[in-house]
Every structure is written in structure tokens, then in C-alpha cells.
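Spelled out, the chains give:
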Amino acid sequence: MKLNTPKLMLTAFAVAATSAYAAEPVIGLITKTETNPFFVKMKEGAQAEATKLGAKVMSAAGKTDGDNAGQVTAMENMIAAGAKTILITPSDSKAIVPAIKKAQAQGVMIIALDSPTEPANATDALFATDNYKAGVFIGQYAKAALNGKKPVIATLDLFPGHPVGAQRHNGFLQGYGLTSLDAKSNELAKPAEVVCMADSFGDRAKGQTGMENCLQKNPNINVVYTINEPAAAGAYNALKAAGKEKDVLIVSVDGGCAGIKDVGAGVIAATSQQYPLRMAAMGVAAGVEYAKTGKKVSGYTDTGVTLISAKAMKGVDSKDVKTGTDLCWGNK
């Protein structure tokens, strides 16, 4: 429906919006979901930095992980409300690109947090964990922990084609010293040592089902790589039900408080901890700088990753559970 709004009113509104923007930069934050503790912490980090720098944060999320349409709508609403920088964790790395290009054509700076788009240069910048490095760390740890024993590996992955899932998986294999693919590939390497691969979607229940299926395929599995800690918890449940929890090493990525607690309890041997608060704070700071100077940030910024383990391994740099707990996100 077309609204016949008087031009004078539009002009007045535009002036008011411009004045408000000058006084208080509006920065949008669009996450994959509102409930995941990782994104809750990201929102907290954005709000804290915005308060410190005198900016306003508008936040929104998809209904579920993978809700591209919801993210597109959120982006359009934020632009209409005056946002000149939008921070986004893309649910669909390819499908979101046309909306990003449309926003950029209107002078909006788009920064991806945590997950890159495909292609990665579709956004102005990316602030994220080096997910390949995160995988390398837990691969190195797993190899040291097995101490020369032949690895029989199951991988509980994200879902096909997602860059974060591929980078963590392939990084793990690289760190273990097995045949792998480089950080630019979205395919999953499968050397002979990997006897089972299952898609967990980062979900505890699906992780448990995937592990159950892998054990049926090969009961001699002794190493499990998981895309994140909920999937790791699911894998542990399946192993415990089969009486194998003490015979299998689980490694993961995320560093949420629940996951770090599982490291302390021996459920997970080691995890690579990432920092959502830092990602969001850096994104907001870049948005404020753009509002003040017109200078856009560009390229990839590594927001850090730390290996957390309860038991240190010789030759592998890691921090203890206390350090992980001090830096974790979610409910402690």
C-alpha cells in the first residue's frame, strides 16, 4: 500500500533522524538466535561498549539458526530506523549476501561477527575467532593425549557447507597431523583415521544420536571431535550409555561456562575458547568510529582463541579450568 505522506513531513523527519544520528550513532546487532548463551553474551558486549561510547544498539535475531528471512527483515528495519552500521552473525552465509549489498549501497557498513559470509569479502569486515586455529589446537591436544595410540576418530560436525564447521573440522585434522584441507575450503576432509562423520547442527540431542550411530558403525572409536560443547555433551551421554565414556577422548570448541564445567568434570578433555563479548565490543567501536569520521573498517580481525584443558599435555600450550571459568560466557 502506498502512503501519500507530505514531502514536508518527510523532510522534517529526515532532519530529525540526521540530528539524532549525529548525537547518538545507531548500531544494529543481528544474531542467529536470541537464546544461545554465545549470542546473549555478544549482545551484552555490544550494549556495554555502546553505553561507554555514547551509541545506541538495536538488536534482533532469527527465530532459529538458519532463519535468513528473519535476518533480512531485521536488517531492513534497522536501516529504516537510522542504523549506519550493522553487525551480523550470518545464519546463511550465501543467502544473506544480496541484502548486505543492498544495505551497503545505502551507505551502511556491515561487519560480520563470528561467522563469515560466502564470499567472505561480501561484508566490509569480519571480527571472529580463527576457527581453523581453534580446530588445530584441539587436534594437537588430542594427538598428545593419545600418546602414540592409533586414532580411530568420529567427527560430530555442524552441517554441510558452513565455513565455521569446515574450518573447525579441517583444523582439527591438521592439528592432529592427518590429511586435511586448508582454511579456505568449505568441504570436510575425511582421512582414513576418520571412521564416522555425523551432522549434529551443534545440538545436544543430535550429537547424542550421531554418536550412537557412529558407535554402531565402529565400536572402537577412541577420539571424538565435536563442533561445539552441546554436541560434545550429547556424545558423552551416548558413550556413557554404552559404557565407553572412560575409553574415548572428546575435544570441542566454544568455551561457554557449561562447556568449561564439562572440561572440569572430565566430560570434555579440552576445548578451544572463543570470545563473543570481544567480537561485539570491537564491532560497536568500529561503528562509532564510522559515524564520527566516515572511515570504514576492513578485512579480518582475529578476536582470539585459548585452549582450555583440565590436564596439560607436554608440548601443547593450554590454560587451566579456572582461567576458562574466568573468561567463559553463559551461566556459571
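Just above, that's the structure.
As the structure is a computational prediction, the values presented were derived from the model and not from experiment. (Residues numbered from 1 in each chain as written. Predicted model: local features only at pLDDT ≥ 70, side-chain atom pairs only at ≥ 80, totals over all residues. Heavy atoms only, no water.)

S.K.: Would you take a moment to explain the nonpolar core for this structure?
M.R.: One broad trend across soluble globular proteins is that nonpolar side chains are buried collectively. Core analysis: the largest hydrophobic core is formed by 26 residues, its most contacted members being I138, Y141, A142, F172 and V251. Per element, the largest residue contribution to this core is five residues, and it comes from helix α5 (residues 131–146). If near-sequence neighbours (up to four positions away) are discounted, Y141 is found in contact with V251, A269, A270, L307, S309, K311, M313 and V316. (Core = buried A, V, L, I, M, F, W, Y, C linked by side-chain atoms within 4.5 Å. Buried < 20%, exposed > 50% of the residue type's maximum accessible area, 1.4 Å probe, protein only. Helix = DSSP H or I, 4+ residues; strand = E, 2+ residues; numbered from the N terminus. Contact = heavy atoms within 4.5 Å.)

S.K.: Quick question: what am I supposed to make of helix α3 (residues 68–80) here?
M.R.: Since the α-helix packs 3.6 residues into each turn, any two residues three or four apart lie on the same face. Helix length check: α3, at 13 residues, gives a terminal C-alpha distance of 19 Å against a target of 18 Å (1.5 Å per residue), a fit within 8%. Residues N68, Q71, V72, A74, M75, M78 and I79 constitute the buried set of α3. Projected down its long axis, α3 carries its buried residues within an arc of 160°, all on one side. More than 90 degrees from the buried face of α3, the exposed residues found are A69 and A80. On the buried face of α3, the contacting elements are β1 (26–31), β2 (56–61), β3 (85–88) and α4 (97–105). Trailing α3 by a residue or two, G82 shows a phi angle of about 100°, which is positive. (Expected span 1.5 Å × (residues − 1). Arc of directions from axis to C-beta.)

S.K.: I tried to follow the layout of surface pockets on my own but got confused; where do I start?
M.R.: Rolled over the atoms, a probe as big as a water molecule pinpoints where empty space is left. Within this model, the largest pocket holds a volume of roughly 710 Å³. In terms of lining residues, the largest pocket is bounded by 32 residues, among which N36, G202, N228, P230 and D254 are the most central. Mapped onto the lining of the largest pocket, the elements with two or more residues apiece are α2 (37–53), α6 (163–176), α7 (204–217), α8 (229–241) and α9 (257–265). Here the lining of the largest pocket takes four residues from α9, the largest share from any one element. Here the lining of the largest pocket is composed, by residue class, of twelve nonpolar, ten polar and ten charged. Lining the second largest pocket are 22 residues, and of these P116, A120, L126, Q167 and A183 sit closest to its centre. Broken down by secondary-structure element, the contributors of at least two residues to the lining of the second largest pocket are β5 (125–128), α5, α6 and β11 (299–302). With three residues, β5 is the single largest residue contributor to the lining of the second largest pocket. For the lining of the second largest pocket, the residue count by class is nine nonpolar, eight polar and five charged. (1 Å grid on protein atoms, 1.4 Å probe; cavity = no way out; pocket = protein on both sides within 12 Å on 5 of 7 lines; lining within 4 Å. Points joined across faces, edges and corners; volume = space filled by probe spheres on them. Nonpolar A, V, L, I, M, F, W, Y, C, P; charged D, E, K, R; others polar.)

S.K.: What exactly am I supposed to notice about the state of the cysteines here?
M.R.: By the definition in use, this model includes two disulfides. Across a sulfur-sulfur distance of 2.0 Å, C257 and C328 are joined as a disulfide pair. When the S-S torsion is 90°, as for the bridge of C257 with C328, the disulfide is right-handed. Residue C257 is found in helix α9, and its partner C328 is found in the segment after α11 (321–327); the two are separated by 71 residues along the sequence. You can call C257 buried: its relative accessible area is 4%. With relative accessibility at 9%, the residue C328 sits in the buried group. Sequence-ordered numbering of the bonded cysteines in the protein chain yields a pairing of 1-2, 3-4. (Disulfide = S-S within 2.5 Å.)

S.K.: Even after reading the chapter, I still don't get the environment of D67, so can you show me in this structure?
M.R.: Positionally, D67 belongs in the loop between β2 and α3. The residues touching D67, leaving out its near neighbours within four places in the chain, are G62 and S91. Among the polar contacts listed, one links the side chain of D67 to the backbone nitrogen of G70, at a separation of 2.9 Å. (Polar contact = N/O pair within 3.5 Å; in protein donor to acceptor, adjacent residues only side chain to side chain.)

S.K.: What exactly am I supposed to notice about the sheet that holds β11 here?
M.R.: Two strands in a sheet stick together by hydrogen bonds in their backbones, pointing the same way (parallel) or opposite ways (antiparallel). Taken in spatial order, the six strands of this open sheet run β2-β1-β3-β4-β5-β11, and their pairing is parallel. Taken across any chain shown, the strands that pair with only one partner, and hence form the sheet edges, are β2 and β11. The sheet shows a mean angle of 20° between the axes of neighbouring strands, direction not considered. The strands touched by α2 are β1, β2 and β4 (109–113); relative to β1, the strand with the most contacts, the crossing angle is about 175°. (Pairing = 2+ DSSP bridges. Axes fitted to C-alpha atoms, helices over the stretch in contact; angles between N-to-C directions.)

S.K.: Teacher, can you tell me more about helix α10 (residues 276–293) here?
M.R.: When the terminal C-alpha atoms of α10 are compared, their 26 Å separation across 18 residues agrees well with the 26 Å that a helix rising 1.5 Å per residue should span. Every buried residue belonging to α10 is among P276, M279, A280, A281, G283, V284, A286, G287, V288 and Y290, and all of these are buried. On its buried face, α10 is in contact with β1, α2, β2, β3, β4 and β5. Looking at the residues trailing α10, positive phi occurs at G294, about 80°.

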